[in-house]
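Chain by chain, the residues:
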Amino acid sequence: MTFSIEKFISEAREAAQSSEPTRAIRSLLKKALENPGDIADANPLENDEKEVLLFEDDSVSVWITRFVPDIVVPPHEHKMNAFIGVFQGREKNIFFKRQSDGLKYTGSKVLETGQVLSIGGDGIHSVVADGNEHCFSLHVYTGPLSKTERSIFDWDSGSPIEYTDNNYEIMKRSPRDLDFMA
């Protein structure tokens, strides 16, 4: 069976409003990733687009994202549960914890094609494609991500900075510039 964006959105909305949204959304992503090539075939990203919002309401946001090997996106928060399913390539998630003296690197996890990761509402992470190829993933958030006030974090001081497209672009880094990436 081929992947339908419309059907996935409908099922994600139901899952987000269920009595056990974490379990339901993880299950939905795992099911969709049984045939990751079908999601890749339905991928609406064009050329060098980095992300596309597929759907958003007060209960759920569904995005498709592309990460590249030579750009690490800045540490950021979602302020809601996030679920990531990789359908092409490998995605490295780098985790941090806020402390009084800034951000502390706490570890990383590489997701292979077909794997799912959940991040709680208080999680802070950064992302880069792992390897030499672009990584594509399907993201589900338990709320209106684009309407939520949230922060990115300065790499050096760990200070929160307003999450804007401009600040996000300014805070991107090369993996070579980050000690913990070595």
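Relevant structure appears above.
Residues numbered from 1 in each chain as written. Predicted model: local features only at pLDDT ≥ 70, side-chain atom pairs only at ≥ 80, totals over all residues. Heavy atoms only, no water.

With that settled, consider the overall build of the protein. Helix and strand content of the protein: 4 helices and 11 strands. Radius of gyration (C-alpha) of the protein: 16 Å, near the 16 Å computed for a compact globule of 182 residues. Expressed along its principal axes, the backbone C-alpha trace of the protein runs to roughly 50 × 35 × 25 Å. Across the 182 residues in the protein, those meeting the buried criterion constitute 49%. The long-range share in the protein, meaning contacts at least 24 apart out of those at least 6 apart in sequence, stands at 72%. Carbon together with sulfur atoms contributes 43% to the accessible area of the protein, which is approximately 9400 Å² in total. Charge-centre separation for the protein: the mean point of 20 positive side chains lies 5 Å from the mean point of 30 negative side chains. (Helix = DSSP H or I, 4+ residues; strand = E, 2+ residues; numbered from the N terminus. Rg over C-alpha atoms; globule rule 2.2 N^0.38 Å. Buried < 20%, exposed > 50% of the residue type's maximum accessible area, 1.4 Å probe, protein only. Contact = heavy atoms within 4.5 Å. Areas by Shrake-Rupley, 256 points an atom, 1.4 Å probe, with all protein chains shown as cover. Lys, Arg positive; Asp, Glu negative; His and termini not counted. Charge placed at Lys NZ, Arg CZ, Asp CG, Glu CD.)

Bringing the pattern of salt bridges into the picture now. Scanning the entire structure with this criterion turns up 7 salt bridges. Between Glu 11 and Lys 7 there is a salt bridge whose closest N-O contact spans 3.6 Å. With Glu 11 and Lys 7 both in helix H1 (residues 5-16) and 4 residues apart, the pair spans about one turn of that helix. A salt bridge links Glu 77 to Lys 79; the shortest N-O distance between them is 3.9 Å. The network of salt bridges with shared partners includes Arg 90, Glu 112 and Asp 130. (Salt bridge = Lys/Arg side-chain N within 4 Å of Asp/Glu carboxyl O.)

In space, the 5 strands of this open sheet follow the order S1-S2-S9-S4-S7, with antiparallel pairing throughout. Of all strands in the sheet, those bounded by a partner on one side alone are strand S1 (51-56) and strand S7 (116-119). On average, adjacent strands in this sheet sit at an angle of 20 degrees to one another, irrespective of strand direction. Examined bridge by bridge, strand S4 (residues 82-88) and strand S9 (residues 135-141) share 6 bridges and lie antiparallel to one another. By the bridge assignment for S9, Ala 82 is matched with Tyr 141. Packed onto the sheet, H1 meets S1, strand S2 (61-67) and S9 and runs at close to 55 degrees relative to S1. Along the sheet, helix H2 (residues 21-32) contacts S4, S7 and S9; its crossing angle with S4, the most-contacted strand, is approximately 5 degrees. (Pairing = 2+ DSSP bridges. Axes fitted to C-alpha atoms, helices over the stretch in contact; angles between N-to-C directions.)

Looking now at the layout of surface pockets. Considered as a void within the structure, the largest pocket measures approximately 590 Å³ in volume. Considering the residues around the largest pocket, the lining is formed by 28 residues, among which Glu 51, Arg 150, Tyr 163, Asp 165 and Tyr 168 are closest to the centre. Looking at the lining of the largest pocket, the elements that each hand over two or more residues are S2, strand S8 (124-129), S9 and helix H4 (165-170). When residues in the lining of the largest pocket are grouped by element, the largest group, 4 residues, is from S2. Class assignment of the residues belonging to the lining of the largest pocket gives a composition of 10 nonpolar, 8 polar and 10 charged. (1 Å grid on protein atoms, 1.4 Å probe; cavity = no way out; pocket = protein on both sides within 12 Å on 5 of 7 lines; lining within 4 Å. Points joined across faces, edges and corners; volume = space filled by probe spheres on them. Nonpolar A, V, L, I, M, F, W, Y, C, P; charged D, E, K, R; others polar.)

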